[in-house]
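Summary of structural features
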Amino acid sequence: MHGHDPALTAAENYRAFAEEARGLSPVYEELAESVAKDGAILGFLDSVPPEKRQPNLLFAAARYLLGDPLSTGGLRTLVSQQRAELAEVMLTRRTQTNEPARCATLLPALAQLPAPLALIEVGASAGLTLLIDRYSYDYAGHRIAGRDPLAPTLRCAPRGPVPLPDRLPVITWRAGLDLNPLDVTNDGDVRWLSCMVWPGEGDREQILAAAITSARRDPPVVHRGDLLTDLPALAAQAPADATLVVFHSAVLAYVTPGGRRRFAATVRSLPAVWLSNEAPGLVPDMPVPDYQGWPFLLGRDGRMPLAFADGHGTWLHWLS
């Protein structure tokens, strides 16, 4: 998802991204098609490290510098006239989508655990998905009120036997871990987060803005660190009288296969429940049920598939 396949050329990666954007973001579909045929932009991409060539990163960096609307012409001008600035944004920033609506995917799994909960999110970006109990939820009419009446309501269509809770779990401690944490009180970081939302995707931008406003009133703690080395020390800080939950969404695509195995072994060694929300096949040893191209598989403890989910939390298909 949105990644960079090192086995493909830049042009092939951008054509694949255009397919992914079809029906979701016409602007990005058209831009990706144009980049795949544009020698100057492809030449620029060759000048940055392979892991920095992702369409998500290029387009977000261009919007960060140019504002919206982003066009192929604007991108070409940027590559020819502000090449160094564009490269600098791409080298210093990461694809750190912080999608609050993924909380609607995680909530039914969290609500089944013995409260109170202590949460650690790995790859937490600005920590907006740590604030699960602040948002309100609407699962096709089944409504759950959040702690912050000014925080957004997250709408998610439940499919299958989703164990919808009547109230939100009590969360007594929470912390994020990220290689490059974003700060919800920093205007540049907040603008970067909004640039990560694809243009044309309905109310995602408004939900993000409302979630950031809520987060700014009591910002979540996100520690700078590496999921492969710094998780045990952070887990040791969690209160002993709470159920510790380590969770992550759309993080393992950016970790090598060997790193994923090391990470899985680390999480399994902790006194914690592990919830993963990743593209099917990325969690080592996680069985993948009858797979029909669903974007995400929600699983528990690296072994038990719970549900298929939309990457942006708009639906959740619970497995029986």
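Structure shown above.
Here's what I pulled together on the structure shown here. (Residues numbered from 1 in each chain as written. Predicted model: local features only at pLDDT ≥ 70, side-chain atom pairs only at ≥ 80, totals over all residues. Heavy atoms only, no water.)

1. Brief notes about the overall build of the protein
The number of helices and strands found in the protein is 11 helices and 12 strands. Computed over its C-alpha atoms, the radius of gyration of the protein comes to 19 Å, within 12% of the 20 Å expected for a compact globule of 320 residues. Seen through its C-alpha atoms, the protein measures out along the principal axes to roughly 55 × 40 × 35 Å. Counting all 320 residues of the protein, 56% fall into the buried class. (Helix = DSSP H or I, 4+ residues; strand = E, 2+ residues; numbered from the N terminus. Rg over C-alpha atoms; globule rule 2.2 N^0.38 Å. Buried < 20%, exposed > 50% of the residue type's maximum accessible area, 1.4 Å probe, protein only.)

2. Examining the packing of helix H4 (residues 55-66) against helix H8 (residues 187-195)
One way to put it is that H4 packs onto H8 with a least axis distance of 9 Å and a crossing angle of 130°. Judged on the interaxial angle alone, H8 and H4 are oblique. Once H4 is placed against H8, the crossing between them reads as right-handed. Seen from H4, the contacting residues are Leu57, Ala60, Ala61, Arg63 and Tyr64; seen from H8, they are Gly188, Arg191, Trp192, Ser194 and Cys195. Split into classes, the residues belonging to the contact of H4 with H8 amount to six nonpolar, two polar and two charged. (Axes fitted to C-alpha atoms, helices over the stretch in contact; angles between N-to-C directions. Parallel < 35°, antiparallel > 145°, perpendicular 65-115°, else oblique. Left-handed = near helix turned anticlockwise from the far one by under 90°. Contact = heavy atoms within 4.5 Å. Nonpolar A, V, L, I, M, F, W, Y, C, P; charged D, E, K, R; others polar.)

3. Concerning the nonpolar core
Membership of the largest hydrophobic core comes to 81 residues, with the highest contact counts inside it found for Leu58, Phe59, Ile132 and Tyr137. It is H4 that contributes the most residues to this core, seven residues altogether. Setting aside residues no more than four positions away along its own chain, Leu58 makes contact with Tyr14, Val35, Ile41, Phe44, Leu45, Leu75, Leu86 and Met90. Residues Ile120, Val122, Val251 and Val267 belong to the second largest nonpolar core, which totals 29 residues. (Core = buried A, V, L, I, M, F, W, Y, C linked by side-chain atoms within 4.5 Å.)

4. Some remarks on the side chain of Asp133
Turning to its location among the elements, Asp133 is positioned in the loop between strand S1 (117-122) and strand S2 (136-139). For Asp133, a relative accessible area of 3% translates into the label buried. Within polar-contact distance, the side chain of Asp133 engages the side chain of Arg147 at 2.7 Å. (Polar contact = N/O pair within 3.5 Å; in protein donor to acceptor, adjacent residues only side chain to side chain.)

5. Some words on the sheet that holds S2
Pairing within the open sheet is mixed, and its three strands lie in the order S3-S2-S4. Two strands bound the open sheet, and with one partner strand each, they are strand S3 (142-144) and strand S4 (153-155). Strand-to-strand twist of the sheet, defined as the mean angle between neighbouring strand axes without regard to direction, takes the value 15°. For S2 and S3, the ladder comprises three bridges, and the chain directions are antiparallel. Bridge pairing in S3 links Asp138 to Arg143. Strands in contact with helix H7 (residues 103-111) are S2, S3 and S4; relative to S2, the strand with the most contacts, it is inclined by about 90°. (Pairing = 2+ DSSP bridges.)

6. Here's the deal with helix H11 (residues 257-268)
Across its 12 residues, H11 extends 17 Å between first and last C-alpha, which sits within 8% of the 16 Å expected from 1.5 Å per residue. The complete set of buried residues in H11 reads Gly259, Arg260, Phe263, Ala264, Thr266 and Val267. For H11, the buried positions fall inside an angular range of 160° around the axis, keeping them on one side. Packing partners of the buried residues in H11 comprise S1, helix H10 (231-235), strand S8 (243-249) and strand S9 (273-278). (Expected span 1.5 Å × (residues − 1). Arc of directions from axis to C-beta.)

7. Topic: the sheet that holds strand S7 (residues 222-224)
Pairing within the open sheet is mixed, and its nine strands lie in the order S5-S12-S11-S10-S9-S8-S1-S6-S7. The open sheet has two edge strands, strand S5 (157-159) and S7, and neither has a second partner. On average, adjacent strands in this sheet sit at an angle of 20° to one another, irrespective of strand direction. This element, H7, spans S1, S8, S9, strand S10 (296-300), strand S11 (304-309) and strand S12 (315-318) of the sheet and lies at about 35° to S12. Packing against the sheet, H11 makes contact with S1, S8 and S9, and its axis sits at approximately 150° to S9.

8. Some words on the side chain of Arg260
With respect to the helices and strands, the residue Arg260 is situated in helix H11. Although Arg260 is buried, it forms no salt bridge, and the closest oppositely charged side chain is Glu278 at an N-O distance of 7.5 Å. Not counting residues within four places of it along the chain, the set of residues in contact with Arg260 comprises Leu252, Ala253, Val255, Leu282 and Pro284. (Lys, Arg positive; Asp, Glu negative; His and termini not counted. Salt bridge = Lys/Arg side-chain N within 4 Å of Asp/Glu carboxyl O.)

9. Regarding unusual backbone geometry
Looking along the chain, the bond that leaves Asp68 and enters Pro69 is cis, with omega of -5°. Following the sequence through the fold, Pro69 ends up in the loop between H4 and helix H5 (72-81). Of note, the bond from Ala115 into Pro116 is cis; its omega dihedral lies within 30 degrees of zero at -5°. Relative to the helices and strands, Pro116 resides in the loop between H7 and S1. For Ala140, which is not glycine, the phi torsion reads 50° and is therefore positive. Looking at the secondary structure, you find Ala140 in the loop between S2 and S3. Overall, Ala140 belongs to the exposed group, its relative accessible area being 68%. Look at Asp301: it is not a glycine, yet its phi comes out positive at around 60°.

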